[in-house]
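Structural overview for review
If you want the building blocks of each chain, they are given just below.
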Amino acid sequence: MFQQLLTPVGDSLLLSFLVAAVPIAVVLFLLGVLRRPAWQASLVGLIVCLAIAIGVWQLPAGLALNAVAAGAVFALWPVMWIVVNALLLYNVAVESGRFDAFRDWVIDHLPNDRRVVLVVIGFSFGALLEGIAGFGTPVAITSSLLIMVGFPPLEALVFTLIFNTAPVAFGALGVPITVLGQVTQLPDVSLGAMVGRQLPVLAIGLPFYVMALYGGARSLRALWPVLLVAGASFAGTQFVVSNFIDYHLTDVLSSLGSLILVLLFLQVWRPAPDAEFAISGVAAAHRPGGPAKWQGWLPWVVVSGVVILWTELKISAIGQQAIHWPGLDKAINITLYNKPYAAVWGFQPLSTGTAILLAAILTTLLVGLSPRRFFKCVGQTWVQARIAVLTVMLIIGLAYLMNYAGMTYTLGKGVASVGVLFPLLSPFLGWVAVFLSGSDTSGNALFGNLQVAAARQLDLSPVLIAATNSSGGVMGKMISPQNIATGVSLTALKGQEGVVFARTFPHSIILTLALGVLVLIQQYLIPWVIPG
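Focus: the packing of aromatic side chains
Per the counting criterion, the structure on display carries 28 aromatic pairs. Judged by centre distance (5.3 Å) and plane angle (35°), the ring pair of F151 and Y214 falls under tilted. Taken together, the residues span a long stretch of sequence, with F151 in the loop between α7 (137-148) and α8 (153-163) and Y214 in helix α12 (residues 206-245) at a distance of 63 residues. For Y214, a relative accessible area of 12% puts it in the buried group. Here the aromatic cluster, defined as three or more aromatic residues joined through ring pairs, consists of Y90, F99, F102, W105, F125, W297 and W300.

Okay, here's the thing in structure tokens:
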């Protein structure tokens, strides 16, 4: 059994920490400075990581390649299986005219103001898609809709990426929290409640933050009532559901509550017309024989209903298999915990991705799309998703390699050595994990246990610090190569992931620091907010 090394560089934690961070720094540099496509940055980062893992951390080459393969397979199923089918549903909506009808409904029923559309679609509707599918598809779909009403592609992507942080920790019907409870052996109900006492503080201000970026102080003054309704309704519902109802339903109920309340509020209040933000050059079409505008909601109602029923009836568990990865499962010992490192691939033939595929097929039948046009959508989906699939395989392969080599545990031990300031830096561990894996679920599996070990070593609250891993991870989602690659797949920005990364990176750091300050306050000044 291979024994992971924690301080292989001169027996120094600091030097080992710096070397372990090199693959991450390489990806960040190629994306943010050289503005390379995400697949190229991920490939170079993986090659550098292989060299360090084998040459410095002394991981046998066979184990290293096996770890990359395990990550690539996990990337394909379930991660990209969800993404590909969500994009297929989008293409069915486009081919059948329902996406245009949805755009027309938005233009007809919302004020002639791009700022309002940004809040309703980018924030409230995007959160609903995150709760159902996640993994970058909300960014791709909502940014496409924003582009159709006049937003430049770069602005549409950047703002939806920032908005996407609010619902991520409870995405896909609470799976990140469930996994966090499993890996830390802490009560998932307590973890969900704790996350529900962190993210609402940021969520209530998120519409104001994005509006300040887009429209400046003048727009804040003009739109503050609807911004308050959107943020407060989402944050309030997020807190109540995660703490007192069922954290699995947090995103769905929060987003629906926000969406419904904002739409109702806009029936009694509208901002003063502003020519600078008018939806000019785009009008609702009146197509003879075309679908009614309300039918634009049909694909999203169908997928919401199917996924909720799929989860409540536990259909995903039918036929599931725990496949112990040959040659990797328990072939490595985690030195930090002194226990064998499991490598188990949970294969679910009826996973959430399959539910979304069923929703796409049902939508096809409901809208009367012919088999030829359906398979045309399948071909379009492959063209759109293939680079994103490659990117995700590379970046999750990199994450698995760092994990099995022991490099991630070196990073975690290094951050934990800061002592009383650890709560400030704890969100950045989750940030790194989700940046690498593209998933808050994977980020919790990657660093959740490490956070708990550090918390107990420093006499901090394990529930608070574990929850912070998930809350901090959501801030890394907006700069994750996987998330950005999926987001650009439906726009004219393919191959320009580095440009998008450079625009979102500062906001990712600002919001993660804000969360760190909140965690410091919760740990040292108001510890009574931490669930027992």
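Structural notes on the environment of V83
Here V83 lies in helix α4 (residues 61-95). For V83, a relative accessible area of 0% gives the class buried. For the pair V83 and S42, spaced 41 residues apart in the sequence, the C-alpha separation amounts to 19 Å.

Describing the nonpolar core
Ranked by size, the top nonpolar core spans 181 residues in total, and within it L118, V120, I121, W300, L328, L401 and M407 carry the most contacts. Here this core gets 19 residues from one element, more than from any other, and that element is α4. Ignoring anything within four residues of it in the chain, the contact list for M407 reads A20, P23, C49, I52, A53, W57 and M402.

Observations regarding unusual backbone geometry
Comment: phi is negative for the bulk of residues other than glycine, and the bulk of peptide bonds are trans. Note the cis peptide between W77 and P78, where omega equals 20°. Residue position: P78 is located in helix α4. A positive phi angle, close to 55°, is found at D11, a residue other than glycine. With respect to the element layout, D11 can be found in the loop between β1 (2-3) and α1 (13-20). One non-glycine residue, D459, lies in positive phi territory at about 60°.

Comments concerning the confidence of the model for the protein
In the predicted model, the protein carries a mean pLDDT of 89, and 98% of its residues have values of at least 70. The element-level mean pLDDT for the protein is lowest in helix α9 (residues 171-184), coming to 79, with β1 highest at 96.

Structural notes on the side chain of N469
The residue N469 is located in helix α20 (residues 462-477) in this model. Beyond its immediate sequence surroundings of up to four residues, N469 is in contact with L429, G430, D440, G443, N444, F447, G448 and Q451.

Regarding the packing of helix α3 (residues 38-55) against helix α16 (residues 371-405)
α16 packs onto α3 with a crossing angle of 20° between their chain directions and a minimal axis gap of 9 Å. One element, α3, and the other, α16, form an angle in the roughly parallel class. The element α3 and its partner α16 pack so that their crossing is left-handed. From α3, A38, W39, S42, L43, G45, L46, C49, L50 and A53 reach across to α16, where they touch I387, L390, T391, L394, I395, G397, L398, L401, M402 and A405. By residue class, the composition of the contact of α3 with α16 is 15 nonpolar, 4 polar and no charged.

Some words on the pattern of salt bridges
Scanning the model with the defined rule gives 9 salt bridges in all. Of the charged contacts, one joins D108 and K293 as a salt bridge, the two residues approaching to 2.4 Å between their closest N and O atoms. Of this pair, D108 sits in helix α5 (residues 98-109) while K293 sits in the loop between α13 (250-268) and α14 (298-312), placing them 185 residues apart in sequence. On the basis of relative accessible area, D108 is assigned to the partly exposed category, the value being 39%. Salt-bridge contacts for K477 lead to E130; the nearest nitrogen and oxygen are separated by 3.7 Å. Here K477, found in helix α20, pairs with E130, found in helix α6 (residues 114-132); they are 347 residues apart in sequence, far enough to count as distant. E130 matches K477 in its accessibility class, with the two residues each being buried.

Details of the sheet that holds β1
A sheet is described by the order of its strands in space; here 3 strands give the open sequence β1-β3-β4, paired in mixed fashion. Strands with a single pairing partner mark the edges of an open sheet, and in this sheet they are β1 and β4 (339-340). As judged from the 2 bridges shared by β1 and strand β3 (residues 332-334), these two strands associate in the parallel manner. Across the sheet, F2 pairs through a bridge with I332, a residue of β3.

Some details on the side chain of T468
Take T468: it is sitting in helix α20. Leaving out residues up to four positions away in the same chain, T468 has contacts with Q198, S426, P427, G473 and V519.

Rules behind the numbers
- Residues numbered from 1 in each chain as written.
- Predicted model: local features only at pLDDT ≥ 70, side-chain atom pairs only at ≥ 80, totals over all residues.
- Heavy atoms only, no water.
- Phe/Tyr/Trp six-rings, centres within 6.5 Å; stacked < 30°, edge-to-face > 60°.
- Helix = DSSP H or I, 4+ residues; strand = E, 2+ residues; numbered from the N terminus.
- Buried < 20%, exposed > 50% of the residue type's maximum accessible area, 1.4 Å probe, protein only.
- Core = buried A, V, L, I, M, F, W, Y, C linked by side-chain atoms within 4.5 Å.
- Contact = heavy atoms within 4.5 Å.
- pLDDT = per-residue confidence, 0-100.
- Axes fitted to C-alpha atoms, helices over the stretch in contact; angles between N-to-C directions.
- Parallel < 35°, antiparallel > 145°, perpendicular 65-115°, else oblique.
- Left-handed = near helix turned anticlockwise from the far one by under 90°.
- Nonpolar A, V, L, I, M, F, W, Y, C, P; charged D, E, K, R; others polar.
- Salt bridge = Lys/Arg side-chain N within 4 Å of Asp/Glu carboxyl O.
- Pairing = 2+ DSSP bridges.

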